[in-house]
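If you want the building blocks of each chain, they are given just below.
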Amino acid sequence: MVDTAVGNSRAPLDAAASAADPLASRYARAFYEYVDERGALPEVMGEVRALLALIGESAALRAFLSDRTLDVRQSTEGLEAVLAAQGFGDALRRFAGVVAANRRLARLADFLAAVLAFDASRRGELVVEVRSAQTLTPAQRATLQARLAEAGYARVSIAEYVAPELIGGLVVRIGASLFDTSIRGRLSRIQNVMKGAA
């Protein structure tokens with residue numbers, strides 16, 4: 001089983017990263033349990049993925065979330081207006097409101113990513129984080145899923161992140177293992193070799 005989420009380039013999603021980020025883990029667990037008690041997990045997890053996708057695709061939304069000049073009221077009301085206009089449900093809007101009230105909107109994508117990681121671990125799946133310079137095409141996604149299955153990762157939840165700074169290629173994190181085939185990564189490795197040769 002392969003599940004896919006799309007988000008921005010900042011969110012740590014693998015289990016190790018969640019464990020290393022106790023704040024994100026606390027937010028994720030509290031929200032997950034709140035939604036689970038109300039029997040709304042499938043719907044809300046879909047909304048979490050959709051909001052991560054929206055954050056990943058919208059530079060304006062990312063700028064708003066990281067704007068430290070806004071006070072709590074402005075950031076809370078602004079985000080509520082965006083989420084309501086996009087049709088997000090009450091549970092996710094309440095969660096975002098709590099994050100805004102605690103002045104942690106810059107970490108919203110991290111917290112959403114931690115929710116997905118928590119959900120995947122509850123379902124016995126491994127979270128695979130995939131970063132690419134542009135949104136993957138359906139053909140690229142299918143190829144990636146096939147390669148993961150060939151490598152023995154059949155039960156995974158794929159979290160996709162758009163990271164334009166990669167220029168091209170992919171960065172894939174599976175647990176503690178990182179596979180960097182990005183152009184930025186290649187350029188960095190070439191630069192390091194040149195420094196060593198100097």
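The rules behind each value
- Residues numbered from 1 in each chain as written.
- Predicted model: local features only at pLDDT ≥ 70, side-chain atom pairs only at ≥ 80, totals over all residues.
- Heavy atoms only, no water.
- Axes fitted to C-alpha atoms, helices over the stretch in contact; angles between N-to-C directions.
- Helix = DSSP H or I, 4+ residues; strand = E, 2+ residues; numbered from the N terminus.
- Left-handed = near helix turned anticlockwise from the far one by under 90°.
- Contact = heavy atoms within 4.5 Å.
- Nonpolar A, V, L, I, M, F, W, Y, C, P; charged D, E, K, R; others polar.
- Buried < 20%, exposed > 50% of the residue type's maximum accessible area, 1.4 Å probe, protein only.
- Pairing = 2+ DSSP bridges.
- Salt bridge = Lys/Arg side-chain N within 4 Å of Asp/Glu carboxyl O.

1. Description of the packing of helix α2 (residues 22–37) against helix α7 (residues 108–122)
Closest axis-to-axis distance for the α2/α7 pair is 8 Å, and the angle between their directions is 65 degrees. Here α2 runs over α7; the crossing is right-handed. On α7, the residues touching L23, A24, Y27, A28, R29, F31, Y32 and E33 of α2 are D110, F111, A114, V115, F118, D119 and R122. Grouping the amino acids of the contact of α2 with α7 by side-chain chemistry returns 10 nonpolar, no polar and 5 charged.

2. With respect to the pairing of strand β2 (residues 126–132)
Burial analysis of β2 places 6 of its 7 residues in the buried class, the great majority of the element. In this sheet, strand β4 (residues 170–174) lies alongside β2 in antiparallel orientation, the contact comprising 5 bridges. Following the sheet pairing, S132 is matched in β4 by L170.

3. Here we look at the pattern of salt bridges
Tallied over the full model, the rule gives 11 salt bridges. Residue E33 is joined to R29 by a salt bridge in which the shortest nitrogen-to-oxygen separation is 3.5 Å. Of this pair, E33 and R29 both sit in helix α2, 4 residues apart, which is roughly one turn of the helix. Residue E77 pairs with R73 through a salt bridge whose shortest N-O separation is 3.2 Å. Placement of the pair is E77 and R73 together in helix α5 (residues 72–85), with a separation of 4 residues, close to one helical turn.

Such coordinate-based values are descriptive only and should not be taken to indicate function.
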